[in-house]
Amino acid sequence: MEMSLEPQGAVSVLRVGNDRIDAAIAIQFKDRFRDITANVAGPVVLDLGRVTFLDSSGLGAVVAARKLLGPDRALELAALSPAVEKVMQLTRMNTVFPIHDTVADALTAHGVAPAA
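This one's a predicted model, so the numbers in the text were calculated from it and none came from an experiment.

(A) Broad picture of the packing of helix α1 (residues 26–37) against helix α2 (residues 56–69). Contact pair α1 / α2: the axes reach a minimum separation of 9 Å and the direction vectors enclose 20°. Between α1 and α2, the crossing angle belongs to the class labelled roughly parallel. Two packed elements cross with a definite hand, and for α1 against α2 that hand is right-handed. Of α2, the residues touching α1 (which contributes A26, F29, K30, F33, R34 and T37) are S57, G58, A61, V62, A64, A65, L68 and L69.

What follows is the structure in structure tokens.
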């Protein structure tokens, strides 16, 4: 599971490097998410720009990731592909997660100037 964390002011951007979050890697996703966000504070923006496929197991992993952050830290989604956006709309998860068109939009929403 490819993930990288980039602190951007008070916000952490977690970039997913895989093109799929499905049953085959959902557990790896959750474990890696937990490990990589354990020592960071503040909201996390999950950059899904490379993800072109998300099944129900992957969706469950994203929901579990939100719960791992606890009630005081937000998980926001950014850069959804059309297929992933459709899953979010069909499952109404777009009403649960703040979703931004781009990572830069997410950072701007938090008052953080995106890195050049």
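(B) Structural context of the packing of aromatic side chains. Applying the stated rule across the entire model yields 1 aromatic pair. Both rings, one in F29 and one in F33, keep their centres 6.2 Å apart while their planes meet at 25°; by these two values the pair is stacked. Residue F29 and its partner F33 are both found in helix α1; the two are separated by 4 residues, about one turn of the helix. What makes F29 buried here is its relative accessible area of 0%. A residue is classified by how much of its surface remains accessible, and F33, at 0% relative accessible area, is buried. The residue whose ring lies beneath R20 is F53, and the NZ or CZ to ring-centre distance is 4.1 Å. One residue, R66, lies across the ring of F97, its end atom 6.0 Å from the ring centre.

(C) Region of the structure containing α1. If you check α1, its first and last C-alpha atoms are 16 Å apart, about what 12 residues at 1.5 Å a residue would give, namely 16 Å. Among the residues making up α1, those that are buried are A26, F29, F33, I36 and T37. Seen from one end, α1 has its buried residues packed into an arc of 100°, which puts them on one side. Opposite the packed face of α1, turned more than 90 degrees from it, sit the exposed residues I27 and D35.

(D) Focus on the environment of D35. Tracing the sequence through the fold places D35 in helix α1. Remark: the alpha-carbon pair of D35 and D101, spanning 66 residues in sequence, is separated by 26 Å.

(E) Quick peek at α2. For α2, spanning 14 residues, the distance from its first C-alpha to its last is 20 Å, which sits close to the expected 20 Å at 1.5 Å a residue. For α2, the set of buried residues is G58, L59, A61, V62, A65 and L69. Buried residues of α2 fall within an arc of 155° about the axis and therefore sit on the same side. Turned more than 90 degrees from where α2 packs its buried face, S56 and K67 sit exposed. Where α2 is buried, its residues contact β3 (20–21), α1, β4 (44–47), β5 (53–54), β6 (75–78) and α3 (82–90). Regarding α2, its N-cap is D55, as a side-chain oxygen of that residue lies 3.0 Å from the backbone nitrogen of S57 further along.

Conventions used here
- Residues numbered from 1 in each chain as written.
- Predicted model: local features only at pLDDT ≥ 70, side-chain atom pairs only at ≥ 80, totals over all residues.
- Heavy atoms only, no water.
- Axes fitted to C-alpha atoms, helices over the stretch in contact; angles between N-to-C directions.
- Helix = DSSP H or I, 4+ residues; strand = E, 2+ residues; numbered from the N terminus.
- Parallel < 35°, antiparallel > 145°, perpendicular 65-115°, else oblique.
- Left-handed = near helix turned anticlockwise from the far one by under 90°.
- Contact = heavy atoms within 4.5 Å.
- Phe/Tyr/Trp six-rings, centres within 6.5 Å; stacked < 30°, edge-to-face > 60°.
- Buried < 20%, exposed > 50% of the residue type's maximum accessible area, 1.4 Å probe, protein only.
- Lys NZ or Arg CZ within 6 Å of the ring centre and 35° of its normal.
- Expected span 1.5 Å × (residues − 1).
- Arc of directions from axis to C-beta.
- Polar contact = N/O pair within 3.5 Å; in protein donor to acceptor, adjacent residues only side chain to side chain.

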